[in-house]
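Observations on the three-dimensional arrangement
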Number of protein chains: 2
Amino acid sequence: MKKFKAGLFGLGVVGSGVYTALKQNEKYGISIEKIAVKNINKQRDFDLPNGILTTESDEILNNEGLDFIIELINDPEEAFGIVKKAFEKGKSVVSANKKMVALYHQELFELSEKHGVKFFYEGAVCGSIPILRLLDQHFKSDTVKSLKAIANGTCNFILSKMVSENQDYDSALKDAQDLGFAELDPYSDVSGEDTRFKLAIMIYHAFGIFVHPNKIPLQGINFLDENLVQFAQKHQLKIKLIGEAHNINDKIKAKVEPQLVSEKQNFYNIENEYNGILVDAEFTAEQFVKGKGAGSFPTALAVLSNLKDLKYNLAISKSSVKKEIEYSNEAEKEIYFLAGFNDEIPEIEILDREDAYYIVNSDIYHLEKIKKKHPNLYWVKISQDIYEKINAVLNNLKLR
Amino acid sequence: MKKFKAGLFGLGVVGSGVYTALKQNEKYGISIEKIAVKNINKQRDFDLPNGILTTESDEILNNEGLDFIIELINDPEEAFGIVKKAFEKGKSVVSANKKMVALYHQELFELSEKHGVKFFYEGAVCGSIPILRLLDQHFKSDTVKSLKAIANGTCNFILSKMVSENQDYDSALKDAQDLGFAELDPYSDVSGEDTRFKLAIMIYHAFGIFVHPNKIPLQGINFLDENLVQFAQKHQLKIKLIGEAHNINDKIKAKVEPQLVSEKQNFYNIENEYNGILVDAEFTAEQFVKGKGAGSFPTALAVLSNLKDLKYNLAISKSSVKKEIEYSNEAEKEIYFLAGFNDEIPEIEILDREDAYYIVNSDIYHLEKIKKKHPNLYWVKISQDIYEKINAVLNNLKLR
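The rules behind these values
Residues numbered from 1 in each chain as written. Chains lettered and ligands numbered in written order. Predicted model: local features only at pLDDT ≥ 70, side-chain atom pairs only at ≥ 80, totals over all residues. Helix = DSSP H or I, 4+ residues; strand = E, 2+ residues; numbered from the N terminus. Buried ≥ 20, exposed ≤ 12 C-beta atoms within 10 Å, placed from the backbone. Contact = placed C-beta atoms within 7 Å. pLDDT = per-residue confidence, 0-100. Pairing = 2+ DSSP bridges. Expected span 1.5 Å × (residues − 1). Nonpolar A, V, L, I, M, F, W, Y, C, P; charged D, E, K, R; others polar. Least-squares fit on C-alpha atoms with pLDDT ≥ 70 in both. Axes fitted to C-alpha atoms, helices over the stretch in contact; angles between N-to-C directions. Domains from an automatic or database assignment. Core = buried A, V, L, I, M, F, W, Y, C linked by C-beta atoms within 7 Å. Parallel < 35°, antiparallel > 145°, perpendicular 65-115°, else oblique. Left-handed = near helix turned anticlockwise from the far one by under 90°.

The helix and strand inventory of chain A stands at 14 helices and 16 strands. Summarising its shape, the C-alpha atoms of chain A cover approximately 80 × 50 × 35 Å along the three principal directions. Burial analysis of chain A (400 residues in total) assigns 49% to the buried set. When contacts within chain A are restricted to residue pairs at least 6 apart in sequence, those whose partners lie at least 24 apart make up 73%.

Averaged over every residue, the pLDDT of chain A is 91; the share at 70 or more is 96%. Among the prediction metrics, the complex's ipTM stands at 0.81, with pTM recorded as 0.88.

All names here are of chain A. Here strand β16 (residues 378-382) lies mainly inside the structure; 5 of its 5 residues are buried. Of the two faces of β16, both are covered, the one formed by Tyr-378, Val-380 and Ile-382 as well as the one formed by Trp-379 and Lys-381. Pairing analysis gives 5 bridges linking strand β13 (residues 334-339) to β16, with the strands arranged antiparallel. Along β16, the bridge assignment pairs Ala-339 with Tyr-378.

Because an α-helix completes one turn every 3.6 residues, residues spaced three or four positions apart along the sequence face the same direction. Residues and elements named next belong to chain A. Given a rise of 1.5 Å per residue, 12 residues ought to cover 16 Å, and the 16 Å separating the end C-alpha atoms of helix α7 (residues 153-164) matches this to within 8%. Burial analysis of α7 places 11 of its 12 residues in the buried class, the great majority of the element. Among the residues making up α7, those that are buried are Gly-153, Thr-154, Cys-155, Asn-156, Phe-157, Ile-158, Leu-159, Ser-160, Lys-161, Met-162 and Val-163. Where α7 is buried, its residues meet β7 (144-150), α8 (169-178), α9 (187-190), α11 (226-234), β8 (238-248) and β10 (274-281).

Residues and elements named next belong to chain A. The phi dihedral of Gln-236 is positive, around 50 degrees, even though this residue is not glycine. Along the chain, Gln-236 falls in the loop between α11 and β8. For Gln-236, a count of 10 C-beta atoms within 10 Å translates into the label exposed. You will see that Glu-347, though not glycine, has its phi angle at about 55 degrees, which is positive. Here Glu-347 lies in the loop between β13 and β14 (349-353).

Below, the discussion takes up the interface of chain A and chain B. The partner chain B presents 33 residues to the 33 residues of chain A that form the contact. Elements supplying a minimum of two residues to the side of chain A that touches chain B: α6 (131-138), β11 (285-292) and α12 (296-311) of chain A. Looking at the side of chain A that touches chain B, the element that brings in the most residues is β11 of chain A, giving 8 residues. Each residue belonging to the side of chain A that touches chain B can be placed in one class, and the counts come to 14 nonpolar, 13 polar and 6 charged. Where β11 of chain A meets strand β11 (residues 285-292) of chain B, 3 bridges bridge the pair, whose relative direction is antiparallel. By the bridge assignment, Phe-288 of chain A is partnered in β11 of chain B with Lys-290 of chain B.

With that settled, consider the relation of the copies chain A and chain B. Least-squares fitting of chain A to chain B yields an RMSD of 0.0 Å, with the superposition described by an axial translation of 0.0 Å and a rotation of 180 degrees. Those values place the two copies in the arrangement expected of a two-fold rotation axis. Residue Val-289 of chain A of chain A places its C-alpha closer to the rotation axis than any other residue of that unit, at 2.2 Å. Mapped onto chain B, 100% of the interface residues of chain A are again interface residues, and the two copies thus contact each other with one and the same surface.

Residue and element names in this part refer to chain A. In space, the 6 strands of this open sheet follow the order β3-β2-β1-β4-β5-β6, with parallel pairing throughout. Each of the sheet's edge strands pairs with one partner strand only, and the pair in question is β3 (53-54) and β6 (119-120). Those strands touched by α12 are β1 (4-9), β2 (30-36), β4 (68-71), β5 (92-95) and β6, and its axis lies near 165 degrees from that of β5.

In terms of domains, chain A is made up of domain 1 (4-120), domain 2 (131-290 + 315-327) and domain 3 (334-399). Inter-centroid distance (C-alpha atoms) of domain 1 of chain A to domain 3 of chain A is 47 Å.

Moving on to the nonpolar core. Grouped together as the largest cluster of nonpolar side chains are 247 residues, with contacts concentrated most on Val-18, Ile-203 and Phe-337 of chain A together with Val-18, Ile-203 and Phe-337 of chain B. Those residues in contact with Phe-337 of chain B that lie beyond four places of it in its chain are Leu-228, Phe-231, Leu-260, Tyr-357, Ile-359, Trp-379, Val-380 and Ile-382 of chain B.

Turning our eyes to something else, we now look at the packing of helix α7 (residues 153-164) of chain B against helix α8 (residues 169-178) of chain B. All names here are of chain B. The N-to-C vectors of α7 and α8 enclose an angle of 130 degrees; their axes lie 9 Å apart at closest approach. With respect to each other, α7 and α8 are oriented oblique. With respect to the hand of their crossing, α7 and α8 are arranged in right-handed fashion. Residues Thr-154, Phe-157, Ile-158, Lys-161 and Met-162 of α7 form the contact with α8, whose own contacting residues are Tyr-169, Ala-172, Leu-173, Asp-175 and Ala-176. Within the contact of α7 with α8, the residues separate by chemical class into 7 nonpolar, 1 polar and 2 charged.

Turning our attention to the sheet that holds strand β2 (residues 30-36) of chain B. All names here are of chain B. With respect to topology, 6 strands assemble into an open sheet ordered β3-β2-β1-β4-β5-β6, the strand pairing being parallel. Lying at the two open borders of the sheet, with one neighbouring strand each, are β3 (53-54) and β6 (119-120). On the sheet, helix α1 (residues 13-24) packs against β1 (4-9), β2 and β4 (68-71) and is oriented at approximately 145 degrees with respect to β2.

Attention now moves to helix α3 (residues 76-88) of chain A. Taking 1.5 Å per residue as the helical rise, α3 of chain A with its 13 residues ought to reach 18 Å, and the 18 Å between its terminal C-alpha atoms agrees with that figure. Buried residues belonging to α3 of chain A abut β1, α2 (57-61), β4, β5, α4 (98-103) and α5 (105-114) of chain A.

Further remarks concern the environment of Leu-237 of chain B. Residues and elements named next belong to chain B. Inspection of the secondary structure assignment puts Leu-237 in the loop between α11 (226-234) and β8 (238-248). Overall, Leu-237 belongs to the buried group, with 24 C-beta atoms counted inside 10 Å. When the C-alpha positions of Leu-237 and Tyr-268 are compared, they lie 8.3 Å apart, and in sequence the two are 31 residues distant. Leaving out residues up to four positions away in the same chain, Leu-237 has contacts with Ala-232, Leu-260, Val-261, Ser-262 and Ile-386.

What follows is about the pairing of strand β9 (residues 251-261) of chain A. Residue and element names in this part refer to chain A. With 10 of 11 residues buried, β9 lies mostly within the body of the structure. For β9 and strand β12 (residues 326-327), the ladder comprises 2 bridges, and the chain directions are parallel. Bridge pairing in β12 links Ile-252 to Tyr-327.

Structure representation (structure tokens):
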């Protein structure tokens, strides 16, 4: 069998995992010939052959002997430049750069088609969970109705600690940083932006349309406070940051926001750094997948599975996309727990109110508008089911 | 792109789904040219081209123009004869016949290798859940430590009804039959045999060894009674029929038996006809998948995904199997709820006893031996965690 040769960009957490796995497992039949890094002299805890490292990306990109490129650097713009050039040189690419894929998704596809090369990025979304593969391969003959995901381990870890162990947001975040889950600058995680990148990518694989992440409305977890935690604990609920997208009459509606979940829901048991994804499709009905969403080995394994796809010359085919499907900038009205405001909030349908919070009926675009005047405002979605259960409890208390 | 031609055996629930999907979706690029059925004149609720049906399997097997064979009949021995002949004729096969695959697994692999053809059967295990694909593709570079599955929708439906709606076994079974989940002869489902076929198949994809299903010890749900249901309800537990396999120091230990599960476990939320599979691997850690395990469309989709594998000429590679791994006829001691006996049971370590049941410390092979003398005996596994929780409750009651 033909032995394949690859060039690698980036030798960080994931890159090291990929390099080590390919080296230890001859069976893959893929060897890394050259690795582009920022600093050749950096101390590394594994041996490298002399001369394999370079700081010149062109040494890899111009090397005619390489079959494909593995792109595992952090910076999305720099990564895009590398991938683009690789495509132009006729080389297929595997990447795990969610931000690059989300920001340049359509362009990357068009470029790869133009140059007749392949582009895979399973590692960009939810680490070891092969969600893009599932959406592509298994739902090809089905129609996805909705997609919901806990896609950020840092947020989920913080929310687990806040609800189960009564930690406040800052101390839970510090724990996550100490354990290496959260970046020193956790903004992208806790603002929900990271979840939104992944959701935007998944939307393409579920519904066949490209959506720029900025078009998806967003509420992170960085404003949640003890008012919410007490409310959740009182009603035996948990808090999860969920990205979701629905196909409603060929309009794709998407958002990222915290939600209250009950023990009846699949998401209830997704704790700490785990990710979970629920896909509802016409024929297959609900499918739920849970696994580790990040980390060196889980992500490296996803990269390796894509290298195998390249070896076997697989393709992502979206030929069956219905022309009518389009992204919608509207949202359904839902029930929300609303807190973090100081003054009265006008023009909102209040279902219930306490000193520190409202229960309202609103939609995320309206809430985003209100937030402009109330910067600490936050909202958490309450499903109809849960609202009815809470209401029954409250009415019961009042009747007594 | 080349248009592929296939011959189909069987036009039942799954066969009809596959035929209809391929006909409606030109994009698959696969056409069914000939269909072997038992009865040509049977009334069917969809149109068929004149002359596509035949009762002569050789009309398909000897047809040089066909690229592959889709085998979807019920009888495992007859199916094996067809598949074997197809291999000899140099044709690759997709099947969804779990019993055939489980009973002739190794032989089928050796024959397909000998004749240089492919053999895929994703539809044989857990319908729409692509568990074999997951085990093959994603865990190729990892080491699977254990595998646990709710793999039979009929049993799960019956157990859901017994615990949540207080139905007795017979009435729950009747409901399952009325709804079309259970066969008129439900023995293979409720005895656990069906789960065991699927577990045997999964063991190969998880650990790389062939195990005859008869080697896996088995306890079904057909003896469970109200003693267990009351016990489960009292402790807020659910009952699930679980097939599991563990790699313990390169010895694969497997069994199928009912287990008590608590709300902390992923299996707790698998209700009615759903299936769920938990895979624990060294690098990826826990992965959990839930979905519909049977039915026309879910299974047809799995078959279609395999047809795509054939088109792209994929292979299942098990070249990396460690030579030392072997099946073990031993089981660990576990805690069991034991009931359905009339006389005292000798030679068993009893941890707790009530009139109608014991809590014992034993292993499934020992329990199988005891069952020979007590035909209505049944056991249900209690995990260490749950046992400790139950014990705390009981001790608390005694202290009062």
